[in-house]
Each structure stands twice: as structure tokens, then as C-alpha cells.
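Chains, contacts and geometry: an overview
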Amino acid sequence: RQVLELGLALKRRHETELEHMLSAAGGSYSRNGIGAVSLPGPREVLTWYYEQEQVLALRYRESGRLTDDPNVRLVFDRLGADQIEHVARLKSVYRGFSSA
């Protein structure tokens, strides 16, 4: 639960940074997201969550590479570093959960 809460706090911070960057460029953000997802059990949820977090880390890194704006690149680099740290923390929890 603690890792999921940390991940949610991280996502909120990332959302705020991305929203700020988008609004500075004259864009807007839609808060219409996907509803709650129902998954079978704790192990499956943790596996799915871990995979999603890895994909997000790669997307941040790739987005940073695709821009020629150094300020935008810095934002994506920072978000990617946060995400990689979160994935490592999640991996540690997953190992503990798998060996239990």
C-alpha cells in the first residue's frame, strides 16, 4: 500500500509539472481519465503496476530525447529519474512479496 501511495503522489507531482509545461505553451489538459481498473489479485496487480511504471519511465526518457527545447528536456529528465527511482522501489517490494 505504501509503494502504491508513493507512486500516486509521484504521479500527482508529474501531472502538475506536465500541466504547467503545457499551459506555458498555450495548451490545456483534460482531466477525463480512465476509470478504476479491476484486476484479479494482489500479485497480478503488482505485476501489472510494475510493467506500467517501467513503460512510463521509458516514455519520459524518449520524450526528453525528442525535444530540442532544453527546458522541456530538463523536465522530462527529472520526471524520468523520479520514475526510475520509483520502479526500483517497486521492484524491491515485488521481490519481498514474491518470496513471502
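Below is a short write-up of the structure. Just so we're clear, the structure is a prediction, and the values are computed from it rather than from any experiment. Residue numbering note: each chain is counted from 1, following its sequence as written. Totals for whole chains, interfaces and linings use every residue, but because this is a predicted model, local features are given only for residues with pLDDT of at least 70 and side-chain atom pairs only at 80 or more, for both listing and counting. Only heavy atoms go into the side-chain values, all of them from the structure, while hydrogens and water stay out.

So, about the pattern of salt bridges. Salt-bridge detection follows one rule: a side-chain nitrogen of Lys or Arg within 4 Å of a carboxyl oxygen of Asp or Glu. By the definition in use, this model includes 5 salt bridges. Aspartate 82 is the partner of arginine 13 in a salt bridge, and the nearest nitrogen-oxygen pair spans 2.0 Å. With a gap of 69 residues between them, arginine 13 in helix H1 (residues 2-24) and aspartate 82 in helix H3 (residues 70-99) connect regions that are remote in the sequence. When the shortest N-O distance is used, the salt bridge between arginine 78 and glutamate 17 registers 2.6 Å. In this pair, arginine 78 is assigned in helix H3 and glutamate 17 in helix H1, connecting sequence segments 61 residues apart. On the accessibility criterion, glutamate 17 (17% relative accessible area) is buried. Helix and strand definitions here come from DSSP, where helices need a minimum of 4 consecutive H or I residues and strands a minimum of 2 consecutive E residues; each element is numbered from the N-terminal end. Burial classification: accessible surface area is computed with a 1.4 Å probe over protein chains only, and a residue below 20% of its type maximum counts as buried, one above 50% as exposed, and the rest as partly exposed.

Okay, the environment of glutamine 52 next. With respect to the element layout, glutamine 52 can be found in helix H2 (residues 42-66). Judged by relative accessible area, glutamine 52 falls into the partly exposed class, the value being 36%. C-alpha separation for the pair glutamine 52 and valine 87, spaced 35 residues apart in sequence, amounts to 9.5 Å.

With that settled, the discussion passes to the side chain of threonine 67. On the secondary structure map, threonine 67 appears in the loop between H2 and H3. Of the residues examined, threonine 67 reaches a relative accessible area of 16% and is grouped as buried. Should any heavy atoms of two residues lie within 4.5 Å, those residues are considered in contact. Setting aside its immediate chain neighbours within four residues, threonine 67 contacts Val72 and Arg73.

Structural measurements only, silent on function.
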